[in-house]
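# Summary of the model geometry
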Amino acid sequence: MLQVTGLEAAYGRARVLFGVDVTVGAGRLMCVMGRNGVGKTTLLNSIMGVLTPTAGKVVFDGRDVTKLPTYERVRLGMGYVPQGHETFPQLTVWENLQVTLEATAHRDRAAVDEALDVFPRLKEMLKRRAGFLSGGQQQQLAIARALVTRPRMLILDEPTEGIQPSIVLEIEAAIERLHREKGLAVLLVEQYLELALRLADAFVILEGGAVQHSGTAEDLRDDKVKRLLAI
Ligand SMILES: Nc1ncnc2c1ncn2[C@@H]1O[C@H](COP(=O)(O)OP(=O)(O)OP(=O)(O)O)[C@@H](O)[C@H]1O
Ligand SMILES: [Mg+2]
């Protein structure tokens, strides 16, 4: 479903990604791991076109999207939840979802209810400004907004980072349900090994902007993985 080949990216003269290859099959859950600053967010931003790669190719569903603007990638079914649970803090939960709905091609209001069904906790907070939600609730809202676009693949950047444990479990359960029951493909950046072990079909580990190790979920128990993640 997603084929990333030879991806390179830089900030000015500072090169950050060096020929990264990642493939996510339809309905698969791929985990991208690696220490802080190795280039995980840069990889996702390059895949989504938020950042223009200096070399390489991104193919989604057989189509070369490398040159497409981000919103067109979203319309093709790539749902992106950036790091740091971004929402519109001044807008209510309901308005956050409506704004996203209005930007979609389908404009089907049922998509908002479907997204809220994934995170029932948000239903009790529709009139609250997003900026007043807890970090975990904001993360749920950020994922719900991506779901309103009706993605076929979810791209999540550290959705559990800095979030209270009870909500981490809710987010994990939601990702698992979307993946297993609805067949959504997922590209997940996650530093929490136990969670990756429970969710991932396959993984890649980045170090210094390149893939240093990759394998199936079972291989995640390898000592080399622990070394690369420094745990
Ligand atoms: N906007 C930017 N301008 C310049 N350098 C940047 C920028 N964003 C990131 N970098 C640098 O690029 C490298 C990779 O950063 P990136 O954010 O992709 O790492 P990461 O693996 O997502 O880290 P984290 O686990 O902390 O989220 C780092 O050295 C970082 O300092
Ligand atoms: Mg990051």
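Look up a bit, the structure's there.
So, here is what we can say about the structure in this document. Quick caveat, the model's predicted, so the values are computed rather than measured. (Residues numbered from 1 in each chain as written. Chains lettered and ligands numbered in written order. Predicted model: local features only at pLDDT ≥ 70, side-chain atom pairs only at ≥ 80, totals over all residues. Heavy atoms only, no water.)

## A few points about the packing of helix H6 (residues 135-148) against helix H7 (residues 165-180)
- Between H6 and H7, whose axes approach to 9 Å, the crossing angle comes to 15°. The angle between H6 and H7 places the two elements in the roughly parallel class. Note on packing geometry: the crossing formed by H6 with H7 is left-handed. Across from Gly136, Gln137, Gln139, Gln140, Ile143 and Leu147 in H6, the residues of H7 making contact are Ile167, Glu170, Ile171 and Leu178. (Axes fitted to C-alpha atoms, helices over the stretch in contact; angles between N-to-C directions. Helix = DSSP H or I, 4+ residues; strand = E, 2+ residues; numbered from the N terminus. Parallel < 35°, antiparallel > 145°, perpendicular 65-115°, else oblique. Left-handed = near helix turned anticlockwise from the far one by under 90°. Contact = heavy atoms within 4.5 Å.)

## Some points on the nonpolar core
- With 47 residues, the main nonpolar core has Leu147, Leu154 and Leu188 as its most contacted residues.
- Per-element tally for this core: the top contributor is H6, with seven residues.
- With residues near it in sequence (within four places) discarded, Leu147 still touches Ala115, Val118, Phe119, Leu154, Leu178 and Leu184.
- By size, the runner-up hydrophobic cluster in this structure holds 32 residues, among which are Leu2, Val4, Val16 and Val65. (Core = buried A, V, L, I, M, F, W, Y, C linked by side-chain atoms within 4.5 Å. Buried < 20%, exposed > 50% of the residue type's maximum accessible area, 1.4 Å probe, protein only.)

## Some thoughts on the coordination of the magnesium ion (ligand 2)
- The coordination sphere of the magnesium ion (ligand 2) contains the protein donors Thr41 (OG1) and Gln83 (OE1), at a distance range of 1.9 to 2.2 Å. One end of the pair, Thr41, is in helix H1 (residues 40-48); the other, Gln83, is in the loop between strand S6 (78-81) and helix H3 (93-103), with 42 residues separating them in the sequence.
- The exposure class assigned to Thr41 is partly exposed, which follows from its relative accessible area of 26%.
- You can call Gln83 partly exposed: its relative accessible area is 27%. (Donors = N, O, S within 2.8 Å, 3.2 Å for Na, K, Ca; no water.)

## Concerning the packing of helix H4 (residues 110-118) against H6
- In contact at an axis separation of 8 Å, H4 and H6 are set at 145° when each is read in the N-to-C sense. Along this stretch, H4 crosses H6, giving a crossing that reads as right-handed. Here Ala111, Val112, Ala115 and Val118 of H4 lie close against H6, whose contacting residues are Ala144, Leu147 and Val148.
- In the contact of H4 with H6, the residues fall into seven nonpolar, no polar and no charged. (Nonpolar A, V, L, I, M, F, W, Y, C, P; charged D, E, K, R; others polar.)

## Let's talk about the sheet that holds strand S8 (residues 185-189)
- Pairing within the open sheet is mixed, and its six strands lie in the order S6-S7-S8-S3-S9-S10. The open sheet has two edge strands, S6 and strand S10 (210-216), and neither has a second partner. Averaged over all adjacent pairs, the angle separating strand axes in this sheet is 15°, with direction ignored.
- In this structure, strand S3 (residues 29-33) lies alongside strand S9 (residues 202-207), joined through four bridges in parallel fashion. Note on S9: the bridge partner recorded for Val32 is Val204. (Pairing = 2+ DSSP bridges.)

## What about the layout of surface pockets?
- In this structure, the largest pocket occupies an estimated 570 Å³ of space.
- Lining the largest pocket are 25 residues, and of these Val74, Tyr80, Thr100, Arg145 and Thr149 lie nearest its centre.
- Residue assignment for the lining of the largest pocket shows that the elements contributing at least two residues are helix H2 (70-75), S6, H3 and H6.
- With four residues, H2 is the largest single contributor of residues to the lining of the largest pocket. (1 Å grid on protein atoms, 1.4 Å probe; cavity = no way out; pocket = protein on both sides within 12 Å on 5 of 7 lines; lining within 4 Å. Points joined across faces, edges and corners; volume = space filled by probe spheres on them.)

## Some words on the site of ligand 1
- Around ligand 1 sit 13 residues in total, of which Gly37, Lys40, Thr41, Thr42 and Gln83 are the nearest.
- Taking Lys40, its side chain carries an N or O atom lying 2.7 Å from an oxygen atom of ligand 1.
- Gln83 has a polar side-chain atom sitting 2.9 Å from an oxygen atom of ligand 1.
- Its free accessible area being 630 Å², ligand 1 has 57% of it covered by the protein chains.
- When grouped by side-chain class, the residues that make up the shell around ligand 1 number three nonpolar, seven polar and three charged. (Near = heavy atom within 4 Å. Polar contact = N/O pair within 3.5 Å; in protein donor to acceptor, adjacent residues only side chain to side chain. Areas by Shrake-Rupley, 256 points an atom, 1.4 Å probe, with all protein chains shown as cover.)

## Focus on the side chain of Thr100
- For Thr100, the position within the fold is in helix H3.
- The contact partners of Thr100, leaving out residues within four places of it in the chain, are Arg145, Val148 and Thr149.

## Regarding the environment of Asn36
- Within the fold, Asn36 resides in the loop between S3 and H1.
- Under the relative-accessibility criterion, Asn36 is labelled exposed at 65%.
- When the C-alpha positions of Asn36 and Tyr192 are compared, they lie 12 Å apart, and in sequence the two are 156 residues distant.

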